[in-house]
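Chain by chain, the residues:
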Amino acid sequence: MTTPQSWEARADEYSLYGFTDLPSVHKRGAVVLTHGEGPYIVDVNGNRYLDANSGLWNMVAGFDHKGLAEAAKAQYDRFPGYHAFFGRMSDQTVMLSEKLIEVSPFARGKVFYTNSGSEANDTMVKMLWFMHASEGNPQKRKILTRWNAYHGVTAVSASMTGKPYNEVFGLPLPGFIHLTCPHYWRYGEEGETEEQFTARLARELDETIEREGADTIAGFFAEPVQGAGGVIPPSAGYFQAIMPVLKKHGIPMIADEVITGFGRTGNTWGSQTYEFEPDAIISSKNLTAGLFPMGAVILGPELTDRLQAAIDRIEEFPHGFTASGHPVGCAVALKAIDVVMNEGLAQNVIDLAPRFEEGLRQLARNPNIGEYRGVGFMWALEAVRDKATKTPFEGHLSVSERIANTCTDMGLICRPLGQSIVLCPPFILTPAQMDEMFEKLDKALGKVF
Ligand code: PLP
């Protein structure tokens, strides 16, 4: 066996890419990275890219935040590893749980740790199944989510995800029901107002619950803003319309805040931005500002009490991961929450969001940009072949992929998602760096269209 020489060839030879357009990467070669500087990443050839993706939404404090790295190192030096089982738990885990309840919308609650957002969603589903069964309702197992939702890649969280690509795995599993995506611009019917659209989706939820039987449904999961679906904020009044329906049928509402948590929409939680109170929150990504793989299920008071009662009945919750509540992750999360919420990062999102929107409004004057949408520091531009009819482009390599590739060539990382280009930069972005992002994107649109 001969070892290929270039980094790009070595990447190709020995590593499998996930979620990657392979013809495109084979043609261009992988970008192999060595380090980062603020919101920039640098490759083995010395090329510098402004990362308007924040890694994968998560590197909100940039790539070289000293305080975060120091918090990790200090905890590695002090006590590098423990789980949160068998009656033992690190002091960092105790402190993080207290902190998460303090910053949560809940007056009281409890936290369970995982290594990722997918596992946190899986864990929440298992908690609901366990709780309902313990309460004498073992048939309460169906999970309601929406089309275009992204909840992860494990068999359960991928079943919750509303993306056709999961069909190659024979997913979703039975009992995972997907409702209409609340994207008025795309799914609103001819002549339907946004209010009518929202009311139709609330009706659809009500009818689905009636049809399936509330006594068969375990819970409803939703991202406050759909992220990997292409940044889809809810239609006007969406959560206000669906929450009473869920309450009426006694169905727990779980907010998947893996992306929207800790400042991405301007507030601590996306559910605050959209003014609803879920029964539990799923957190990950920003939780550690991307420096440690970690997820958390944060239960509100009612689910805490019901789950605790179920656990008390068998005197154990038989679930957990080797690194659940890892003390280094917890130390980093404590620091990250402080940095994001108290060192001006979330404030920067609030301050620069109007500039972000204005920049996109200008770009959306392009005849091939059908819509711009978003909130805080998560936005998307959607490409269309025909603006009036909203007709998408066709072909294997989507136009958004071509725009993103052109941006990469110019030193800007942005994410093609379906027909959309997604921009979700780190919260440390300066106005000048934001202008750089728009200038490069403008040039890329000019080259592609
Ligand atoms: N939920 C949401 C809303 C996400 O955006 C993601 C990942 O992008 C996940 C869950 C899954 O998280 P992970 O990739 O850490 O498993």
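In this text the structure is predicted, and so the values were computed from the model without any measurement. (Residues numbered from 1 in each chain as written. Predicted model: local features only at pLDDT ≥ 70, side-chain atom pairs only at ≥ 80, totals over all residues.)

(A) Examining the domain arrangement of the protein chain more closely. We note that the domain assignment places domain 1 (31-64 + 344-448) and domain 2 (69-342) within the protein chain. Those elements giving two or more residues to the side of domain 1 that touches domain 2 turn out to be α3 (54-57), α14 (345-363), β11 (369-375), β12 (378-383) and β15 (420-423). The element best represented in the side of domain 1 that touches domain 2 is α14, accounting for 5 residues. Looking at the side of domain 1 that touches domain 2 residue by residue, the classes come out as 17 nonpolar, 6 polar and 2 charged. (Domains from an automatic or database assignment. Helix = DSSP H or I, 4+ residues; strand = E, 2+ residues; numbered from the N terminus. Nonpolar A, V, L, I, M, F, W, Y, C, P; charged D, E, K, R; others polar.)

(B) A look at the sheet that holds strand β14 (residues 415-417). Judged by pairing direction, the sheet is antiparallel, and its 4 strands sit side by side in the order β11-β12-β15-β14 without closing on themselves. Only two strands of the sheet have a single partner each, and these edge strands are β11 and β14. Averaged over all pairs of adjacent strands, the angle between strand axes in this sheet comes to 25°, irrespective of strand direction. Where helix α15 (residues 399-409) meets the sheet, its contacts fall on β12, β14 and β15, and the angle it forms with β14 comes to roughly 180°. (Pairing = 2+ DSSP bridges. Axes fitted to C-alpha atoms, helices over the stretch in contact; angles between N-to-C directions. Contact = placed C-beta atoms within 7 Å.)

(C) Inspection of the site of the ligand at higher detail. Neighbouring residues of the ligand: 14 residues in total, closest Ser116, Gly117, Ser118, Gly152 and Val258. The element that contributes the greatest number of residues to the shell around the ligand is helix α6 (residues 117-134), accounting for 3 residues. Split into classes, the residues belonging to the shell around the ligand amount to 4 nonpolar, 8 polar and 2 charged. (Near = placed C-beta within 6 Å.)

(D) Local environment of helix α5 (residues 91-103). Between its terminal C-alpha atoms α5 stretches 19 Å, which fits the 18 Å expected from 13 residues at 1.5 Å a residue. By the burial criterion, the buried members of α5 are Gln92, Thr93, Leu96, Ser97 and Leu100. End-on, the buried residues of α5 take up no more than an arc of 135°, which puts them together on one face. Turned more than 90 degrees away from the buried face of α5 sit Glu98 and Glu102, all of them exposed. Buried residues along α5 sit in contact with α4 (66-78), β4 (110-114), β10 (295-299) and α13 (327-342). (Expected span 1.5 Å × (residues − 1). Buried ≥ 20, exposed ≤ 12 C-beta atoms within 10 Å, placed from the backbone. Arc of directions from axis to C-beta.)

(E) Local environment of the pairing of β4. Taking burial as the measure, the 5 residues of β4 include 4 buried ones, the bulk of the element. In the sheet, β4 pairs with β10 via 5 bridges, with the strands oriented antiparallel. Note that in β10 the partner of valine 111 across the bridge is isoleucine 298.

(F) Region of the structure containing the sheet that holds β4. If you trace the 7 strands from one edge of the open sheet to the other, you get β4-β10-β9-β8-β7-β5-β6, paired in mixed fashion. Among the strands making up the open sheet, the edge pair consists of β4 and β6 (176-179). In this sheet, adjacent strand axes meet at a mean angle of 20° when their direction is disregarded. Both strand β9 (residues 280-283) and β10 contribute to a ladder of 4 bridges, which runs antiparallel. Residue pairing across strands places alanine 280 opposite leucine 299, the latter belonging to β10.

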